[in-house]
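One letter stands for each residue in the lines below.
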Amino acid sequence: MTKRYLLPAVWMLAGAMATLAYLNRNALETEVQAQAVAAATTKQAAFPARSQAPVDLTPEELANVRVYEVANRSVVNIDTQTEQVDPFFMRRLQGAGSGSGSVIDKRGHILTNAHVIENARAIEVTLASGQSYPADLVGQDREHDVAVLKINAPADELHPLELGRSDGLRVGQQVYALGNPFGLEGSLTKGIISSLNRSIEGRTGREMKSLVQTDAAMNPGNSGGPLLDTHARMVGMNVAIASRTGQNTGVGFAIPVNRIATIVPELIEHGRIVRPDHGIIGLREYTDGGVKIEAIRPGGPADKAGLKAIVQIETFRQGNAVYRSRTSDAARGDWLVAVDGKKVETASDFLAIMDGYNPGQSVTLTIVRDGTEQNVKMTLGEG
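All values reported here derive from a predicted model rather than from experimental measurement. (Residues numbered from 1 in each chain as written. Predicted model: local features only at pLDDT ≥ 70, side-chain atom pairs only at ≥ 80, totals over all residues. Heavy atoms only, no water.)

Enquirer: In this structure, what is going on with the overall build of the protein? I would like to understand it.
Expert: A tally of regular secondary structure across the protein gives five helices and 22 strands. Across the 383 residues that make up the protein, the buried fraction comes to 36%. Once local pairs closer than 6 in sequence are excluded, the contacts in the protein between residues at least 24 apart make up 56%. (Helix = DSSP H or I, 4+ residues; strand = E, 2+ residues; numbered from the N terminus. Buried < 20%, exposed > 50% of the residue type's maximum accessible area, 1.4 Å probe, protein only. Contact = heavy atoms within 4.5 Å.)

Enquirer: Help me understand the pairing of strand 15 (residues 291-296) in this model?
Expert: In terms of burial, strand 15 is a largely internal element, five of the six residues being buried. The pairing of strand 14 (residues 280-285) with strand 15 spans five bridges and is antiparallel. The partner of G282 across the bridge, within strand 15, is A295. Taken together, strand 14 and the strand that follows it, strand 15, pair antiparallel across an intervening segment of five residues, in which G289 is found at a positive phi of about 105°. (Pairing = 2+ DSSP bridges.)

Enquirer: Before we go on, may I ask you to explain the environment of E185 in this structure?
Expert: Secondary-structure assignment places E185 in the loop between strand 7 (174-179) and strand 8 (187-201). Look at E185 and you get exposed, because its relative accessible area is 57%. In this structure the C-alpha to C-alpha distance between E185 and G221, which are 36 residues apart in sequence, comes to 9.0 Å. Residues contacting E185, with those up to four places away along its chain left out, are G179 and N180.

Enquirer: Help me understand the sheet that holds strand 8, please; the structure alone is not making it clear to me.
Expert: Through backbone hydrogen bonds, the strands of a sheet pair up, either in parallel or in antiparallel fashion. Strand order around the closed barrel formed by six strands is 7-8-9-12-11-10, with antiparallel pairing between neighbours. Ignoring which end each strand starts from, the neighbouring axes of this sheet average 50° apart. Strand direction decides the pairing type here: strand 7 and strand 8, joined by six bridges, are antiparallel. Bridge pairing in strand 8 links Y176 to K190. Its contacts with the sheet put helix 2 (residues 59-71) on strand 7, strand 8 and strand 10 (226-228), and the angle it makes with strand 7 is roughly 40°. (Axes fitted to C-alpha atoms, helices over the stretch in contact; angles between N-to-C directions.)

Enquirer: Explanation requested: the confidence of the model for the protein in the structure shown.
Expert: As a note on interpretation, predicted positions should not be read in detail where pLDDT is low. Across the protein, the average pLDDT comes to 82, with 78% of residues at or above 70. Confidence drops under pLDDT 50 across residues 1-23; counting only partners more than four residues distant or on other chains, this segment forms zero contacts. (pLDDT = per-residue confidence, 0-100.)

Enquirer: Looking at this structure, how should I read the nonpolar core?
Expert: Most often, soluble globular proteins keep nonpolar side chains buried together rather than apart. L111, V146, L228 and I255 are the most contacted members of the largest nonpolar core, which totals 25 residues. Here this core takes five residues from helix 3 (residues 257-270), the largest share from any one element. Once residues within four sequence positions are removed from consideration, I255 is found in contact with N113, H144, D145, V146, M208, L211, V235, G236, M237, V239 and I260. (Core = buried A, V, L, I, M, F, W, Y, C linked by side-chain atoms within 4.5 Å.)

Enquirer: Explain the packing of aromatic side chains here, please?
Expert: In this description, a pair of aromatic rings is defined by centroid distance and the angle of the planes. If you walk through the whole model with that rule in mind, you get one aromatic pair. When the centroid spacing of 5.1 Å and the interplanar angle of 45° are considered together, the rings of Y286 and W335 count as tilted. Residue Y286 is found in the loop between strand 14 and strand 15, and its partner W335 is found in strand 18 (residues 335-339); the two are separated by 49 residues along the sequence. For Y286, a relative accessible area of 27% translates into the label partly exposed. With relative accessibility at 29%, the residue W335 sits in the partly exposed group. (Phe/Tyr/Trp six-rings, centres within 6.5 Å; stacked < 30°, edge-to-face > 60°.)

Enquirer: Please clarify how a nonpolar patch on the surface should be interpreted in this entry.
Expert: The grouping of V55, L57, L62 and V65 at the surface amounts to a nonpolar patch, some 350 Å² of accessible area in total. If you trace the backbone, V65 turns up in helix 2. According to the relative accessible area criterion, V65 is partly exposed, its value standing at 34%. (Patch = residues over 30% accessible without salt bridge, like charges linked within 9 Å, V, L, I, M, F, W, Y side chains within 5 Å. Areas by Shrake-Rupley, 256 points an atom, 1.4 Å probe, with all protein chains shown as cover. Salt bridge = Lys/Arg side-chain N within 4 Å of Asp/Glu carboxyl O.)

Enquirer: Please explain the pairing of strand 3 (residues 109-112) as it appears in this structure.
Expert: A regular strand carries its side chains on alternate faces of the sheet. Side-chain alternation along strand 3 places H109 and L111 on one buried face and I110 and T112 on a second face that is also buried. Bridge analysis of strand 2 (residues 92-103) against strand 3 gives two bridges, and the strand direction is antiparallel. From the neighbouring strand, V103 faces strand 3, where its bridge partner is I110. Between strand 2 and strand 3, which pair antiparallel in sequence order, lie five residues; one of them, G108, sits at a positive phi of approximately 100°. Summarising the sheet, strand 3 and strand 6 (residues 146-151) pair through four bridges and their orientation is antiparallel.

Enquirer: I tried to follow unusual backbone geometry on my own but got confused; where do I start?
Expert: As a rule of thumb, non-glycine residues mostly have phi less than zero, and peptide bonds are mostly trans rather than cis. At S210, a residue that is not glycine, the phi angle is positive and equals roughly 60°. Summarising the element assignment, S210 is placed in strand 9 (residues 207-214). The exposure class assigned to S210 is partly exposed, which follows from its relative accessible area of 32%. Positive phi, close to 65°, is recorded for A232, a residue that is not glycine. Tracing the backbone through its elements, the reader meets A232 in the loop between strand 10 and strand 11 (234-241).

Enquirer: Explain the side chain of N238 to me, please; I cannot follow it from the model alone.
Expert: Looking at the secondary structure, you find N238 in strand 11. The class for N238 is buried, based on a relative accessible area of 1%. Of note is the side chain of N238, whose polar atom sits 3.3 Å from the backbone oxygen of P226. (Polar contact = N/O pair within 3.5 Å; in protein donor to acceptor, adjacent residues only side chain to side chain.)

Enquirer: Before we go on, may I ask you to explain helix 5 (residues 347-354) in this structure?
Expert: Owing to its 3.6 residues per turn, the α-helix brings residues three or four apart onto one side. Burial analysis of helix 5 places six of its eight residues in the buried class, which makes it a mostly covered element. Turning to helix 5, its buried residues are A347, S348, D349, F350, I353 and M354.

Enquirer: Whenever I open this one, helix 2 confuses me. Can you help?
Expert: For helix 2, with 13 residues, the first-to-last C-alpha span of 18 Å sits near the 18 Å given by 1.5 Å per residue. Along helix 2, the positions that sit buried rather than exposed are N64, V67 and A71. On an axial view of helix 2, the arc spanned by its buried residues comes to 60°, and they lie on one face. Seen from the buried face of helix 2, the exposed residues on the opposite side, beyond 90 degrees, are P59 and E69. (Expected span 1.5 Å × (residues − 1). Arc of directions from axis to C-beta.)

Right under this line is the structure:
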């Protein structure tokens with residue numbers, strides 16, 4: 001009898017031990033799960049879940065966002081393919097460039113800098129929507145560094161930028177620069193107007209006057225893009241930075257929009273600025289002050305008015321060939337003092353004053369000849 005029930009007893013004992021181990025394992029798993037839940041609860045308390053509510057923006061941030069959202073659709077990226085001839089080896093050198101521009105009407109006219117499309121054999125304009133179109137040059141003026149392009153895009157894809165005014169700008173006023181620095185389209189920077197009526201030397205060597213200075217960050221690619229006020233209106237066109245490295249140093253310049261507004265219609269209508277022709281083709285500045293007429297064009301308005309230049313250009317014909325010779329007499333040239341009472345101290349002064357006249361108008365030049373001041377009346381031609 002004892003041997004008969006020995007094996008089932010062992011089985012019962014083993015079963016009891018297995019049941020106890022199972023219960024202990026369940027208890028351990030339950031404790032581990034409880035600890036995990038407690039740890040997760042503690043972590044949630046230390047790092048609360050992110051809010052699903054919209055991001056709260058300050059009034060200043062909201063103003064920044066509004067400027068960007070209103071103006072960005074009007075700003076374009078301009079890519080160019082260039083070609084230049086190597087003067088030493090006479091090889092054609094291919095290159096590429098980029099800049100910014102602004103849509104100014106529903107007809108597809110794009111405003112940019114003349115230097116952005118300089119030497120371009122192909123121009124492509126990319127809208128904020130991502131659509132790209134080949135562009136044609138309508139007109140440009142290198143002295144003012146302004147150019148107008150045209151693309152054939154549907155009118156509903158074109159969003160003209162609102163033009164503001166630049167005659168009421170104040171130093172300290174907040175402004176924004178919008179463009180494509182380093183090809184990074186739609187980049188917005190913010191700053192203030194640092195100064196007004198700044199003058200810098202332009203790419204043609206002629207002084208560019210009455211520019212707007214700003215510390216809004218500008219870099220290569222910003223050229224041609226708009227300078228905006230807090231209402232997303234264009235108050236200038238970014239044109240240059242003061243830098244020894246070619247990158248932002250906090251000193252940027254923009255062409256005031258009032259000047260642009262007078263130039264663009266002429267570029268669209270004539271392809272160039274129709275300047276009055278005065279026939280003076282050279283002015284000499286002296287370090288101790290004063291400007292002398294250096295050269296005049298034979299038969300031009302200055303020549304007809306009887307003005308005298310340092311350099312006399314004489315034209316003569318021999319057979320079918322026309323020859324020109326230059327003779328110089330520094331004592332002969334007239335000192336140029338004023339135009340219609342506006343004082344002339346530099347060559348840039350004279351050119352800037354003459355830009356305010358139209359062909360056919362008459363002006364009175366105040367000159368000094370042989371130590372005597374006199375007035376000379378001159379009728380302007382068309383340049």
